[in-house]
Number of protein chains: 2
Amino acid sequence: MTAEAVGRRTQAERSASTQAALVEATIETIQELGYHRASLGEICARAGVSKGGLFRHFDSRLDLVVAAAQEVGRRHLEGFRSLGPATIEEQLVFARSRARADINAVWFELLIAARTDEHLREQLTPVAIWLYDNIEELALASTLAQKVEPGLARLAATSVVHMFDGEAVIRAVLPRPADEEARLAGAVALFEGVADQG
Amino acid sequence: MTAEAVGRRTQAERSASTQAALVEATIETIQELGYHRASLGEICARAGVSKGGLFRHFDSRLDLVVAAAQEVGRRHLEGFRSLGPATIEEQLVFARSRARADINAVWFELLIAARTDEHLREQLTPVAIWLYDNIEELALASTLAQKVEPGLARLAATSVVHMFDGEAVIRAVLPRPADEEARLAGAVALFEGVADQG
DNA sequence: ACAGTTAGAGACCGATCGGTTGCAATGTTT
DNA sequence: AAACATTGCAACCGATCGGTCTCTAACTGT
């Protein structure tokens, strides 16, 4: 996203638009090149903003990455919100599609980077708390969760998310479509069994 | 691991020891600093080998990383081999401990890096195939797997591995010990139920 | 309209990146 | 032991890294 070249705007508008362009470019760059290759030069080029312009709004690379991480968290959750009432299979297919989404790849780049970067980790933890709390809340409101006790539903939801996350990471290097479909079918059968018996 | 300074050795021994020191230092550096900060300078310093010495044995950084990845795959599998007959709970606790092992953190650094690095991905795929094939084979030989059909056992094993992998990644940023223990207990109950009914 | 403030461009900085080169040290062959 | 091959060190290379500085352009308050 390049900072758009419109006519007269207030300082606040200019500022917000530049920051948004930089955050957008950061997310896009991490998604396409990975955290490792997401340099400020590359991000600035994509955003159509100079280095000087960047540091007007962000104190450091970390500061920019944290702002991007917050936006990634927001968008990832937004993706989870888009499912209404659905069958068990539809819900599981949906959960899997969220794990496979581009935005989740960026989220995982950040999680992995945070493991060995104390400062990033400190800033990422509150975002992760917020994100997973909200995902759990959405899971509890789902049709599937109505049939079992809330504690179990919460546990099942996060476990499914972890499983599809793990699958998604491996899949970039080692896709196994047949196994993946069997895993989905197995999960559907399992949850239908649980739902039936109460 | 520094290249040890022993007395007289053959060329082959010198060469092998230097390469081993470099591979070891690469793994150690990725584990401690992450893929992003694992520079050749840092790796050489840890290995006690000069840049010139490194490039005598490896054509490029990628070449070294691939050699390290193969060693990581070997060690990760070795870690999986160390479980004999055990209860269902012991087997699941063990699977979880493998996901939480340092060597798996390095494996995930490499998987994530490979997503956006075509050349690394090409070299990592055969290692991943070998690793997961072997893990599945081990899972099929486990006591738990004796009670259900092989296809289901294979599926369950990889699904459990994915789940604990996903949990391990999140845990670096957002540990939730109570949830993690509940997840383990839930998995134990689930598998004991399956084992009982055939 | 004009002074003051904020946003942004772009040249620049020292440090470090992956990688190269020439030479000295070590080991091998005859 | 002399000739040769392999290994390893250290200085060095251009490119790029995150970050700074100065100056101009754009907006704001009076």
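The rules behind these values
Residues numbered from 1 in each chain as written. Chains lettered and ligands numbered in written order. Predicted model: local features only at pLDDT ≥ 70, side-chain atom pairs only at ≥ 80, totals over all residues. Helix = DSSP H or I, 4+ residues; strand = E, 2+ residues; numbered from the N terminus. Buried ≥ 20, exposed ≤ 12 C-beta atoms within 10 Å, placed from the backbone. Contact = placed C-beta atoms within 7 Å. Nonpolar A, V, L, I, M, F, W, Y, C, P; charged D, E, K, R; others polar. Least-squares fit on C-alpha atoms with pLDDT ≥ 70 in both. Domains from an automatic or database assignment. Near = placed C-beta within 6 Å. Axes fitted to C-alpha atoms, helices over the stretch in contact; angles between N-to-C directions. Parallel < 35°, antiparallel > 145°, perpendicular 65-115°, else oblique. Left-handed = near helix turned anticlockwise from the far one by under 90°. Core = buried A, V, L, I, M, F, W, Y, C linked by C-beta atoms within 7 Å. Expected span 1.5 Å × (residues − 1). Bend = angle between axes of the 7 residues up to and from the residue. Arc of directions from axis to C-beta.

Student: Can you walk me through the overall build of chain A in this structure?
Tutor: Counting its regular elements, chain A contains nine helices and zero strands. Principal axes of the C-alpha set define a box for chain A whose edges measure 60 × 35 × 30 Å. By residue count, 38% of the 198 residues in chain A fall in the buried class. Of all intrachain contacts in chain A linking residues separated by at least 6 positions in sequence, the fraction that spans at least 24 positions is 66%.

Student: I'm lost on the interface of chain A and chain B in this one. Help?
Tutor: Size of an interface: often given as the accessible area lost when the parts come together. Taken together, the 39 residues of chain A in the interface contact 39 residues of chain B. Where the side of chain A that touches chain B is concerned, the elements lending two or more residues are α1 (11–33), α6 (102–115), α7 (118–141), α8 (150–171) and α9 (177–196) of chain A. Here the side of chain A that touches chain B gets ten residues from one element, more than from any other, and that element is α8 of chain A. Across the side of chain A that touches chain B, the residue classes tally to 20 nonpolar, nine polar and ten charged.

Student: Can you walk me through the relation of the copies chain A and chain B in this structure?
Tutor: Both copies of the chain are tied together by a single rotation about an axis and a shift running along it. Superposing chain A onto chain B takes a rotation of 180° plus a shift of 0.0 Å along the axis, which leaves an RMSD of 0.0 Å. Viewed as a symmetry operation, the transformation between the two copies matches a two-fold axis. Distance from the rotation axis, computed per C-alpha, reaches its smallest value in chain A at M163 of chain A: 1.9 Å. A share of 100% of the interface residues of chain A reappears at the interface of chain B, consistent with the copies meeting face to face through the same patch.

Student: How should I be thinking about the domain arrangement of chain A in this particular structure?
Tutor: Residues and elements named next belong to chain A. Taken domain by domain, chain A consists of domain 1 (1–58) and domain 2 (66–196). One C-alpha centre belongs to domain 1, the other to domain 2, and the line joining them spans 29 Å. Tallying the contact residues gives eight residues for domain 1 and ten residues for domain 2. Along the lines of polarity and charge, the residues of the side of domain 1 that touches domain 2 split into five nonpolar, three polar and no charged.

Student: In this structure, what is going on with the protein's contact with DNA strand D? I would like to understand it.
Tutor: Taken together, 24 residues lie near DNA strand D, and T10, S39 and G41 of chain A together with G52 and G53 of chain B sit nearest. Elements supplying a minimum of two residues to the surface near DNA strand D: α1, α2 (40–47) and α3 (51–57) of chain A together with α1 (11–33) and α3 (51–57) of chain B. Among the residues making up the surface near DNA strand D, the classes are represented as three nonpolar, twelve polar and nine charged.

Student: Is there a simple way to think about the protein's contact with DNA strand C in this case?
Tutor: Of all residues adjacent to DNA strand C, which total 25 residues, the nearest are G52 and G53 of chain A together with T10, S39 and G52 of chain B. When residues of the surface near DNA strand C are traced back to their parent elements, those giving at least two are α1 and α3 of chain A together with α1, α2 (40–47) and α3 of chain B. By residue number, the principal contributor to the surface near DNA strand C is α3 of chain A, which donates five residues.

Student: So what exactly am I meant to see when it comes to the packing of helix α5 (residues 88–100) of chain B against helix α9 (residues 177–196) of chain B here?
Tutor: All names here are of chain B. Contact geometry of α5 with α9 gives a least axis separation of 9 Å together with a crossing angle of 135°. Between α5 and α9, the crossing angle belongs to the class labelled oblique. Once α5 is placed against α9, the crossing between them reads as right-handed. Of the residues in α9, those touching α5 at I88, E89, L92, V93 and R96 are L184, A187, V188, F191, E192 and A195. Its residues assigned to classes, the contact of α5 with α9 shows eight nonpolar, no polar and three charged.

Student: Where do I start with the nonpolar core in this structure?
Tutor: If you look at soluble globular proteins, the nonpolar side chains tend to sit buried side by side. Formed by 106 residues in total, the largest nonpolar core has its most connected members in L110 of chain A together with L110 of chain B. With residues up to four places along the chain from it excluded, the contact list for L110 of chain B reads Y35, A69, V72 and L124 of chain B.

Student: I tried to follow the packing of helix α4 (residues 61–81) of chain A against α6 of chain A on my own but got confused; where do I start?
Tutor: Two measures define how a pair of helices packs: the angle their axes make with one another and the distance between the axes. Residue and element names in this part refer to chain A. In contact at an axis separation of 9 Å, α4 and α6 are set at 140° when each is read in the N-to-C sense. With respect to each other, α4 and α6 are oriented oblique. Crossing hand, α4 versus α6: left-handed. Taken together, the residues of α6 that come into contact with α4 (itself represented by A69, V72, R75, H76 and G79) are I103, N104, V106, W107 and L110. Looking at the contact of α4 with α6 residue by residue, the class counts come to six nonpolar, three polar and one charged.

Student: I tried to follow α7 of chain A on my own but got confused; where do I start?
Tutor: Along an α-helix, residues three or four positions apart point the same way, because every turn accommodates 3.6 residues. Between its first and last C-alpha, α7 of chain A extends 35 Å over 24 residues, near the 34 Å set by a 1.5 Å rise per residue. L124 of chain A marks where α7 of chain A bends most, by close to 30°; the proline P126 of chain A follows one to four residues later. Of the positions making up α7 of chain A, those classed as buried are L120, Q123, L124, V127, A128, L131, I135 and A139 of chain A. Here the buried face of α7 of chain A lies against α4, α6 and α8 of chain A together with α8 (150–171) of chain B.

Student: Hey, could you run me through α5 of chain B in this one?
Tutor: Residues and elements named next belong to chain B. For α5, which comprises 13 residues, the first-to-last C-alpha distance of 19 Å matches the rise-based estimate of 18 Å (1.5 Å per residue) to within 8%. Every buried residue of α5 is accounted for by Q91, L92, A95, R96, R98 and A99. The arc that holds the buried residues of α5, viewed along the axis, is 155°, so those residues lie on one side. Against the buried residues of α5 lie α4 (61–81), α6 (102–115), α8 and α9.

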